[in-house]
Structures are given as C-alpha cells and as structure tokens.
Amino acid sequence: MSSSVAAAASGLWERALDLVFPPRCVACGAFGAFLCARCLAAMPRAEPPRCPVCWMPGGISGPCDRCLDRAPRFAAARSAFVYHDAAREAVHALKYRGVSALADAMAAPMAKVLEAWSPPVSAVVPVPLAGSRRRQRGYNQSELLAREISRCTGLPLAARALVRRRATAPLARTADEATRRALVEGAFAPGPAPVSGGALLVDDVLTTGATLDACAAALIGGGAAPTFALTFARED
Ligand SMILES: [Zn+2]
Ligand SMILES: [Zn+2]
C-alpha cells in the first residue's frame, strides 16, 4: 500500500470511528458533543493584559522583554485559551486520541478570536506535520483547524504554502531560546503554492513560539507578509 493510500485509509478509519462511537465530551465524558457547552464555557480564556506580539500574560504598556530583546518573525500571535484543564484535554484528544471530529468545535472559538482581532490576512496556513506523523495520525490537526477556520471566515485555505522538511522533537520549555530556535530552524520551507500578502498561521497549541517563528520565516521567504499566528491554546 502506498503511503498516500495508507494515509487516506487511516483517515477514513478515524472518521468511521467517529461515527461508530457517539460523541462524548473529551473533557467531562458527557454524551452529546465532543466538547460540551459547559466545558467549553469553563475553558480558561487567554485574555488581556498580554504582550501585543507574543500574547504572553502581563504586557500592559507594550511588547514583553522577550519580544523587545528578539522580536519573533510573525507580527503577532493570539490564542483562544490557556493550555489548562479542558483546553489541554481537547488538544490531547485531537492530537493523540484520534478525535478528529473535535476540530470543528475547537475552531469555532478560534474564528471568534480572529474576527475580534482582524489582522490583515488573505489566507489561512496550517503548520505542516512531518509525513511520518501524518501517516501515524491519519491527519494533520493544524490543517483540520485551519480548514474549519477557513470555512467559518471565508478566508482561503493555503495548505501548500509551507512544507515541512523534517520532523522535530517536541520542544521543551526548559530549553533556552537559542536551543529552541536551532531545533526548528530550517525545518520548514516555502511550499509549491505560496501566499502573497498577509498570512495567518494556524496551530493547535503555542508552547515556546519557536515553531510558529520558523514557519513565519519560511512564509516570508515565500513572499507572504505580514504573517500572524492563531492557536487554540497557549502555554502561559
Ligand atoms: Zn464536558
Ligand atoms: Zn512578547
């Protein structure tokens, strides 16, 4: 079986599982939805005051020290939730438990954040997943979120604006800034269908910002500017 056929079969299998097992809230277990209204309402929102660039908590009068010291290559990032409690459960279920149907419920609050924020973007770009991980999982969770945000907002999906050259190990927060940057530097490159004008990078979670920073650099290399980033959750 070729890798693309295997990936398609795996994706179909995930979808079949979604159909066979009735929706159940990934956070509290209640039947009826993959993310129930109560858990969604209780999710810790990533609200201001925050750094206007990287959205770290605390920025009141301007960019945080980290951004002043070395500005990320994306113009600004926003997240709907803090990576705790039900928000963390949702990210894990989408990423590691194969609950791909969760993407729609997770993208809706992201689309709301985007609407209120309204950065000057003309396309939505998912963070590409390494081929081996995509085959394992059957889908790219960032692409599912980006696809749904595109559907909600009418912004075109630019799924081939970026390519991933190699897999990267999960980035530890404990690693210093230079190490984190070095780990992802060169992991992304402009894809066969670049974006011209403003681009919105979409990912499930912002941990250190190094991945989105490297993606922004590759997008800019492909002709996009400015670049922004939107994630479902962020680690504070
Ligand atoms: Zn729930
Ligand atoms: Zn900052």
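Look up a bit, the structure's there.
The present account deals with the structure reproduced in this document. Because the structure is predicted, anything quoted here is derived from the model rather than measured. (Residues numbered from 1 in each chain as written. Chains lettered and ligands numbered in written order. Predicted model: local features only at pLDDT ≥ 70, side-chain atom pairs only at ≥ 80, totals over all residues. Heavy atoms only, no water.)

Across all of its chains, the model carries 9 salt bridges by this definition. Residues Arg 73 and Asp 213 are paired through a salt bridge, measuring 2.8 Å at the closest nitrogen-oxygen approach. Pair noted here: Arg 73 is in the loop between helix 3 (65-69) and strand 1 (76-82) and Asp 213 is in helix 9 (residues 210-221), with a separation of 140 residues, a long-range link. In this structure Arg 73 comes out as partly exposed when scored by relative accessible area, which is 30%. Between Arg 147 and Glu 143 there is a salt bridge, and its shortest N-O distance comes to 2.8 Å. One end of the pair is Arg 147 and the other is Glu 143, both in helix 7 (residues 141-153) and 4 residues apart, which spans about a single turn. Bridged by salt links that share partners, the residues Arg 73, Arg 181, Glu 185 and Asp 213 form one connected network. (Salt bridge = Lys/Arg side-chain N within 4 Å of Asp/Glu carboxyl O. Helix = DSSP H or I, 4+ residues; strand = E, 2+ residues; numbered from the N terminus. Buried < 20%, exposed > 50% of the residue type's maximum accessible area, 1.4 Å probe, protein only.)

Before going further, it helps to examine the coordination of the zinc ion (ligand 1). The textbook angles at a metal center are 109.5 degrees for a tetrahedron of four donors and 90 or 180 degrees for an octahedron of six. Each protein donor to the zinc ion (ligand 1) is listed here as Cys 25 (SG), Cys 28 (SG), Cys 36 (SG) and Cys 39 (SG); together their distances run 2.3 to 2.4 Å. What the 4 donor atoms of the zinc ion (ligand 1) show is an angle range of 103 to 116° at the metal, which sorts the shape as tetrahedral. Written as a sequence motif, the donor residues of the zinc ion (ligand 1) are C-x2-C-x7-C-x2-C. Note on Cys 36: relative accessible area 15%, which makes it buried. Exposure remark for Cys 39: the relative accessible area of 11% places this residue in the buried category. (Donors = N, O, S within 2.8 Å, 3.2 Å for Na, K, Ca; no water. Tetrahedral: all angles 85-135°; square planar, octahedral: opposite > 155°, others 65-115°.)

In this structure, the amide linkage connecting Pro 48 to the following residue, Pro 49, adopts the cis form with an omega of 10°. You can see Pro 49 is positioned in the loop between helix 2 (37-42) and helix 3. With omega at -10°, the peptide bond leading from Ala 225 into Pro 226 counts as cis. Locating Pro 226 in the fold gives a position in strand 6 (residues 224-234). A positive phi angle, close to 45°, is found at Asp 85, a residue other than glycine. Inspection of the secondary structure assignment puts Asp 85 in helix 4 (residues 85-96). A positive phi angle, close to 40°, is found at Ser 118, a residue other than glycine.

The subject of this paragraph is helix 5 (residues 102-117). Helix length check: helix 5 (16 residues) gives 23 Å between terminal C-alpha atoms against 22 Å at 1.5 Å per residue, within 8%. If you check which residues of helix 5 are buried, you get Leu 102, Ala 103, Met 106, Ala 107, Pro 109, Met 110, Ala 111, Val 113, Leu 114 and Trp 117. If you follow the buried residues of helix 5, they end up packed against helix 2, strand 1, helix 4, helix 7, strand 5 (197-206) and strand 6. Trailing helix 5 by a residue or two, Ser 118 shows a phi angle of about 40°, which is positive. (Expected span 1.5 Å × (residues − 1). Contact = heavy atoms within 4.5 Å.)

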